Amino acid sequence: MSSEGSSRDRRSASRNALPPRSRIESLRLIETACWQELERAAREREHGWRIMTLATVEGEQAHARSVTLRGADAAAQRLVFYTDDRSPKLAQMKRNPLGTLLAWCRQLSWQVRLQVRLVQETDASLVSERWARLRMTPAAQDYLSPLAPGEPLTHPGQERGSREHFSIVNAEVLSLDWLELHPEGHRRALFSAGGPQWVQP
Ligand SMILES: Cc1cc2nc3c(=O)[nH]c(=O)nc-3n(C[C@H](O)[C@H](O)[C@H](O)COP(=O)(O)O)c2cc1C
């Protein structure tokens, strides 16, 4: 590559690069910041952690899918997402409630990997209250199909059923694995019942 080409590439890369962030030094503050960002992601559609990958295990087979973060509670160490009560993931988590949530935020340059215990919400009044808020929005469609997720169709398309299949899943966080990618050196820390710990990225 010519020297002109490579300097143009560098200029273009530096235009595209995000400004370097100041780095949090204390493990305690990093954990607090992670929860603040999770709470923000549950409110803000554009946050990088809003869509997470949820992995579950059935027998010897891993399953993974995207879910939308709907709630985060730092005090309770709990995340919340919604699903169709007929979805295979719900049956899988009832058989084996241990799962992993994974998310990457480009703006933060942070990945979180959370080991969780998945529990369906049983408080019927809480579920009704959340459904009452959701039912007037376009997202309500996701819980109104007469067919269960994964059922075969002859034509793709939306058919609206007469009853909802809305359910709430609580993900109780057992440990949080934080990874920061940074030009001056990547950092990783583990927050679990054993306490906070720096680990090799
Ligand atoms: C951006 C995005 C967000 C999604 N959010 C959810 C969600 O919050 N809850 C959900 O059940 N499925 C969500 N889905 C669909 C799932 O990824 C998955 O296809 C569906 O739930 C069936 O998964 P299962 O067969 O593992 O139950 C989302 C998909 C995408 C692409």
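Calculation notes
- Residues numbered from 1 in each chain as written.
- Predicted model: local features only at pLDDT ≥ 70, side-chain atom pairs only at ≥ 80, totals over all residues.
- Heavy atoms only, no water.
- Buried < 20%, exposed > 50% of the residue type's maximum accessible area, 1.4 Å probe, protein only.
- Helix = DSSP H or I, 4+ residues; strand = E, 2+ residues; numbered from the N terminus.
- Pairing = 2+ DSSP bridges.
- Salt bridge = Lys/Arg side-chain N within 4 Å of Asp/Glu carboxyl O.

## What about the pairing of strand S5 (residues 98–105)?
Burial along S5 is one-sided: Gly99, Leu101, Ala103 and Cys105 are buried, and none of Leu98, Thr100, Leu102 and Trp104, which face the opposite way, are. Strand direction decides the pairing type here: strand S1 (residues 51–58) and S5, joined by three bridges, are antiparallel. Across the sheet, the residue bridging to Leu54 is Leu101, located in S5. With eight bridges joining them, S5 and strand S6 (residues 110–120) adopt antiparallel strand pairing. The partner of Gly99 across the bridge, within S6, is Val116. Connecting the antiparallel pair S5 and S6 is a turn made up of four residues, with Ser109 showing a positive phi of about 60°.

## Points about the pattern of salt bridges
Under the definition given, this model contains 11 salt bridges. Between Arg78 and Asp73 there is a salt bridge, with its nearest N and O atoms 3.7 Å apart. Judged by its relative accessible area of 32%, Arg78 falls in the partly exposed class. By relative accessible area, which is 30% here, Asp73 ends up partly exposed. Of the charged contacts in the structure, one is a salt bridge between Arg113 and Asp177, with a shortest N-O distance of 3.2 Å. In this pair, Arg113 sits in strand S6 while Asp177 sits in strand S7 (residues 166–180), placing the two residues 64 residues apart along the sequence. Relative accessible area serves as the criterion here: at 37%, Arg113 is assigned to the partly exposed category. Residues joined in a network through salt bridges with shared partners are Arg23, Glu25, Glu180 and Arg187.

Nothing here speaks to function; it is geometry throughout.
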